[in-house]
Amino acid sequence: GDSDASSVEKNPASLGFLPSWSGVYLHSELDPAGTVGGRGDGFFLASPLPYLSMISLGAGVQLLRPPTSFPYTNEEKLSLALSVRLQRGIALGISYAHLWADRGPVAAGIDTIDLALALRPARWLAAALVVHDLPSPAVQGFPLQRVWEPEVAVRPWKTSIVEIAAGARFGERRGDVDPHFRLWLVPTPGLTVKADVEWRRDVDLDGQPENDVRVALGVAIDLEHVGVQGFGLFGTDSGVARAHGFTLAARISGDRYPA
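Since this is a predicted model, take the numbers as computed values, not measurements. For every chain, the first residue of the written sequence is number 1, and numbering continues from 1 along that sequence. This being a predicted model, a pLDDT of at least 70 is required before a residue's local features are given, and a value of 80 or more before pairs of side-chain atoms are given or counted; all residues contribute to the totals for chains, interfaces and linings. Hydrogen atoms and water are omitted, and side-chain values are computed over all heavy atoms in the structure.

Visitor: I keep staring at the pattern of salt bridges and nothing clicks. Help me out?
Guide: Any two side chains of opposite charge can pair, on the condition that their charged atoms come close. By definition here, a salt bridge exists when the distance from a side-chain nitrogen of Lys or Arg to a carboxyl oxygen of Asp or Glu is within 4 Å. This structure, assessed with the given rule, holds 12 salt bridges. Here Lys77 and Glu9 are joined by a salt bridge, their closest N and O atoms 3.2 Å apart. Within this pair, whereas Lys77 is found in strand β4 (residues 75–87), its partner Glu9 is found in helix α1 (residues 7–10), the two being separated by 68 residues in sequence. Glu9 sits in the partly exposed class, given a relative accessible area of 27%. Among the ionic pairs, Arg39 bridges to Glu29, the shortest N-O distance being 3.7 Å. The numbering of helices and of strands both runs from the N terminus, where a helix is a DSSP run of H or I of at least 4 residues and a strand a run of E of at least 2. Accessible area is worked out with a 1.4 Å probe on protein chains only. A residue is then buried under 20% of its type maximum, exposed over 50%, and partly exposed in between.

Right, here's the structure in full:
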């Protein structure tokens, strides 16, 4: 997908392709009684440096609200990101994150780092790789596993009219694999229909496969410098089909949309 400030969280290397400054606000409201995480708010800002446009900086603040089944309450996350565009279609990125909470395993704070690569070798092809939690920070003495997340995206007609992508998350220590797929359609400039499907085989990593399928369907409406998005989230939760909630997003940027 096209880069914006939310790449601070998703893939910091993509910030290297920002044409101008970008700001994004995200809000997710999910059923607190379920096991699907991601409730909360996120605020992201990013921009290329003046006179050094191959270097981009970004920052984000997230206020996280886990499901009620989680034994600890709200958490916060601060992210700082740096991306360097080495060549026209190659960018490297790194992000630092600090998580903390009033109580629980991260009350004392956790620091972690993600490394990322973004490739755009052709108008119709893109690829990315993010290595999450590179230093494997410890939570109450137990180190988090590294997670490798590659993705390949194809635009069959060499334009943004249709974009198809596939990727997966590979847990380094537990060997868990969670594939995901997405389809973006642009029926008319300024309107994008987005669909994303994720297969979570072992949600709580207890060795008992839930094989949950999670789906996001929504639309993005983009004017020249502002835009909004809305998504409905549904699928299976511990094997039971149900609606999960919704996500809303708003953006403002210095570049012109639709490109």
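Visitor: Hey, could you run me through empty space enclosed by the protein in this one?
Guide: The method is simple in principle: a probe with the dimensions of a water molecule rolls over the atoms, and the space it marks as empty is what remains. Lining residues are those with an atom within 4 Å of a point, where the points come from a 1 Å grid over the protein atoms alone and group into cavities, where a 1.4 Å probe fits but cannot get out, or pockets, open sets with protein on both sides within 12 Å along at least five of seven lines. Grid points are joined across faces, edges and corners, and a volume is the space filled by probe spheres set on the points. Overall, the coordinates contain 1 cavity of 30 Å³ or more when judged by the stated rule. Here the largest cavity is characterised by a volume of approximately 40 Å³. What lines the largest cavity is simply Leu30, Asp31, Gly34, Thr35, Val36, Asp237, Arg242 and His244. The classification used treats Ala, Val, Leu, Ile, Met, Phe, Trp, Tyr, Cys and Pro as nonpolar, Asp, Glu, Lys and Arg as charged, and all other residues, Gly among them, as polar. Across the lining of the largest cavity, the residue classes break down as 2 nonpolar, 3 polar and 3 charged.

Visitor: Explain the nonpolar core here, please?
Guide: For soluble globular proteins, nonpolar side chains are generally found buried alongside one another. Throughout this description, the term nonpolar core refers to a set of buried Ala, Val, Leu, Ile, Met, Phe, Trp, Tyr and Cys residues connected via side-chain atoms within 4.5 Å. Counting residues in hydrophobic clusters, the biggest one holds 8 residues: Ala5, Val8, Leu15, Leu18, Val24, Phe44, Ala46 and Ala81. Here, two residues are considered to be in contact whenever any of their heavy atoms come within 4.5 Å of each other. Contact partners of Phe44, with chain neighbours within four places excluded, come to Ala5, Ser6, Val8, Glu9, Ser22, Gly23, Val24, Leu26, Ala59, Gly60 and Gln62. One finds Ala13, Phe17, Ala91 and Ala118 within the second-largest nonpolar core, a separate group that totals 6 residues.

Visitor: Explain a nonpolar patch on the surface here, please?
Guide: Patch criteria: residues need more than 30% relative accessible area and no salt bridge. Like-charged residues are merged within 9 Å; nonpolar side chains of Val, Leu, Ile, Met, Phe, Trp and Tyr are merged within 5 Å. Each accessible area is a Shrake-Rupley result for a 1.4 Å probe, and residues are judged covered by the shown protein chains and nothing else. On the surface, a nonpolar cluster with roughly 640 Å² of combined accessible area is contributed by Tyr25, Phe43, Val61, Leu63, Leu78, Leu80, Tyr96 and Trp100. At the level of elements, β3 (52–65), β4 and β5 (90–101) are the ones that each hand at least two residues to the nonpolar patch. For Val61, the location among the structural elements is in strand β3. We classify Val61 as partly exposed; its relative accessible area is 35%.

Visitor: Would you explain the environment of Leu125 in this entry?
Guide: Topologically, Leu125 is positioned in strand β7 (residues 125–132). The partly exposed category is assigned to Leu125, whose relative accessible area is 26%. Along the primary structure Leu125 and Lys158 are separated by 33 residues, whereas in three dimensions their C-alpha atoms are 8.2 Å apart. Excluding its chain neighbours within four sequence positions, the residues that come into contact with Leu125 are Leu119, Arg120, Val152, Ala153 and Val154.

Visitor: Would you mind showing me how to read the pairing of β5 here?
Guide: Each regular strand carries side chains that alternate between the two faces of the sheet. Of the two faces of β5, the one holding Ala91, Gly93, Ser95, Ala97, Leu99 and Ala101 is buried and the one holding Ile90, Leu92, Ile94, Tyr96, His98 and Trp100 is not buried anywhere. Here 12 bridges tie β4 to β5, and the two strands are oriented antiparallel to one another. Paired with Ser83 across the strands is Gly93, a residue of β5. Following DSSP output, two strands are said to pair if at least two bridges run between them.

Visitor: I would appreciate a short explanation of the side chain of Asp222 in the present structure.
Guide: You can see Asp222 is positioned in strand β14 (residues 212–222). A polar side-chain atom of Asp222 sits 3.0 Å from a polar atom in the side chain of Arg251. Two N or O atoms form a polar contact when they lie within 3.5 Å of each other; inside protein one atom must be a possible hydrogen donor and the other a possible acceptor, and for residues adjacent in sequence the pair counts only when both atoms belong to side chains.

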